[in-house]
Amino acid sequence: FEQPFEDTAALNLWSRDRAGAPSSHMRDMIVREHILADQLEESVAQRSGKGAGLVFDTLANGGNSAYHAAVDDDKLKKAENAMLHAANVWQNEISELPGRHPNIRQSAAKLVEEYLGRTHHSVMQDIPEGWHPGDSWDLSEIARLPRELRSRCKPAPESSPFMSICG
């Protein structure tokens, strides 16, 4: 390639859809669903902070939540209203886009119910025995390194965002 200025370069990239990938229309739908999930989660996290997980669990499991007593009813009502508002905002935004999304025909309450059922209903049922809010999770087996790499690694300090430091 021609390089008209010193210390510059040009790089052209082309991409192709991989075989078996969803059509671009479906990818748009999936992205729009992720936007809804992000807005619903953010609406609760802004109001509940570190207690958002307990709020989600209580909203998803109702009176069956083991942590229902840890969340007061006023906080639950505010979180539910925030989620309903976020769902309404999402519906209004998506209805203005080409292609829209089939879920804009559902009520905001139904969108929130589906979100909670799909994402938070069983989370707290899968926790280790004896775990309580505020306890740290054991993430040591989540991304297990291959043996040859593990032999060159040591555990990262608590302050590190990484699990291991490898040399």
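Computed from a predicted model, the values in this text were never measured in an experiment.

Rules of the game
- Along each chain, residues carry numbers from 1 onward, in the same order as the chain's sequence is written.
- Owing to the predicted nature of the model, reporting of local features is limited to residues with pLDDT of at least 70; listing and counting of side-chain atom pairs is limited to 80 or more, with chain, interface and lining totals taken over all residues.
- Side-chain metrics in this entry use all non-hydrogen atoms of the structure; hydrogen atoms and water are not considered.
- Only DSSP runs of H or I covering at least 4 residues are called helices, and only runs of E covering at least 2 are called strands; the numbering of each starts at the N terminus.
- Burial classes follow relative accessibility: with a 1.4 Å probe on protein chains only, a residue under 20% of its type's maximum area counts as buried, one over 50% as exposed, and anything between as partly exposed.
- In this description, accessible areas are obtained by the Shrake-Rupley approach with a 1.4 Å probe, and a residue is regarded as covered only by the protein chains that are shown.
- To get an axis, fit a line to the C-alpha atoms, keeping to the stretch in contact for a helix; angles then go from 0 to 180 degrees between the N-to-C directions.
- Between 65 and 115 degrees an angle is taken as roughly perpendicular, under 35 as roughly parallel, over 145 as roughly antiparallel, and anywhere else as oblique.
- Crossings are classed by handedness, with left-handed meaning an anticlockwise turn of the near helix from the far one by less than a right angle and right-handed meaning a clockwise turn.
- Working rule for contacts: check all heavy atoms of both residues, and any pair within 4.5 Å makes them a contact.
- The nonpolar class holds Ala, Val, Leu, Ile, Met, Phe, Trp, Tyr, Cys and Pro. Asp, Glu, Lys and Arg form the charged class, and all remaining residues, Gly among them, are polar.
- Only a pair of cysteine sulfur atoms within 2.5 Å counts as a disulfide in this structure description.
- For this document, the term salt bridge refers to a Lys or Arg side-chain nitrogen within 4 Å of an Asp or Glu carboxyl oxygen.
- The definition of a nonpolar core used throughout is a set of buried Ala, Val, Leu, Ile, Met, Phe, Trp, Tyr and Cys residues joined through side-chain atoms within 4.5 Å.
- Multiplying 1.5 Å by the residue count of a helix minus one yields the expected span of that helix.
- Starting at the helix axis, one direction is taken to each C-beta atom, and the arc is that of these directions.

Novice: Please set out the overall build of the protein chain residue by residue, giving values where relevant.
Specialist: Within the protein chain, the secondary structure is distributed over five helices and two strands. The order of α-helices and β-strands along the protein chain, N terminus first, is α-α-α-α-α-β-β. Evaluated residue by residue, the protein chain yields a buried proportion of 25% over its 167 residues. Carbon and sulfur atoms form 52% of the exposed surface of the protein chain, whose accessible area is close to 12600 Å².

Novice: Explain the packing of helix α3 (residues 73-95) against helix α4 (residues 108-119) to me, and be specific about the residues and the numbers.
Specialist: As a packed pair, α3 and α4 sit with axes 8 Å apart at the nearest point and diverge in direction by 110°. What the angle tells us is that α3 and α4 run roughly perpendicular. Helix-helix and strand crossings are classified by hand; for α3 and α4 the assignment is right-handed. Together, Met83, Leu84, Ala87, Asn88, Trp90 and Gln91 of α3 and Ala108, Ala109, Leu111, Val112, Tyr115 and Leu116 of α4 make up the contact between the two elements. The class makeup of the residues in the contact of α3 with α4 is 10 nonpolar, two polar and no charged.

Novice: Could you give an account of the state of the cysteines, with specific residues and numbers?
Specialist: Per the counting criterion, the structure on display carries one disulfide. Shown here is the disulfide that connects Cys153 with Cys166, its sulfur atoms set 1.8 Å apart. Here the disulfide of Cys153 and Cys166 is right-handed, its torsion about the S-S bond being about 100°. Note that Cys153 is positioned in strand β1 (residues 153-155) and Cys166 in strand β2 (residues 164-166), a separation of 13 residues in sequence. Taking relative accessible area as the criterion, Cys153 reaches 18% and is therefore assigned buried. In this structure Cys166 comes out as partly exposed when scored by relative accessible area, which is 36%.

Novice: Please give an account of helix α2 (residues 52-61) that cites residues and values.
Specialist: Within α2, eight of the 10 residues are buried, leaving the element largely enclosed by the surrounding structure. Three or more residues of α2 are buried, namely Ala52, Leu54, Val55, Phe56, Asp57, Thr58, Ala60 and Asn61. At the exit of α2 stands Gly62, carrying a positive phi of roughly 55°.

Novice: Now, about unusual backbone geometry: what can you tell me, with residues and values included?
Specialist: Positioned with a positive phi, Arg100 is a non-glycine residue whose angle comes to about 45°. With respect to the secondary-structure elements, Arg100 resides in the loop between α3 and α4.

Novice: If you had to explain the pattern of salt bridges to someone new, which residues and values would you point to?
Specialist: Applying the stated rule across the entire model yields one salt bridge. Asp74 is the salt-bridge partner of Lys78, the closest N and O atoms lying 3.5 Å from each other. Taken together, the residues span about one helical turn, with Lys78 and Asp74 both in helix α3 at a distance of four residues. Of the residues examined, Asp74 reaches a relative accessible area of 47% and is grouped as partly exposed.

Novice: Describe the nonpolar core, listing the residues and the values that go with them.
Specialist: Leu40, Val44, Phe56, Met83, Ala87, Tyr115 and Leu116 are the most contacted members of the largest nonpolar core, which has 24 residues in total. When residues of this core are traced back to their parent elements, those giving at least two are α1 (24-48), α2, α3 and α4. For this core, the element with the most residues is α3, which contributes seven residues. Apart from the residues lying within four places of it in its own chain, the contact partners of Val44 are Gly49, Ala52, Val55, Phe56, Ala79 and Met83.

Novice: Requested: an account of α4, with residues and values cited.
Specialist: Taking 1.5 Å as the rise per residue, α4 with 12 residues should run 16 Å; its terminal C-alpha atoms sit 16 Å apart, in good agreement. Within α4, the full set of buried residues consists of Ala108, Leu111, Val112, Tyr115 and Leu116. In a view along the axis of α4, the buried residues occupy a sector of 130°, so they form one face of it. For α4, the exposed residues lying more than 90 degrees away from the buried face are Glu113 and Arg118.

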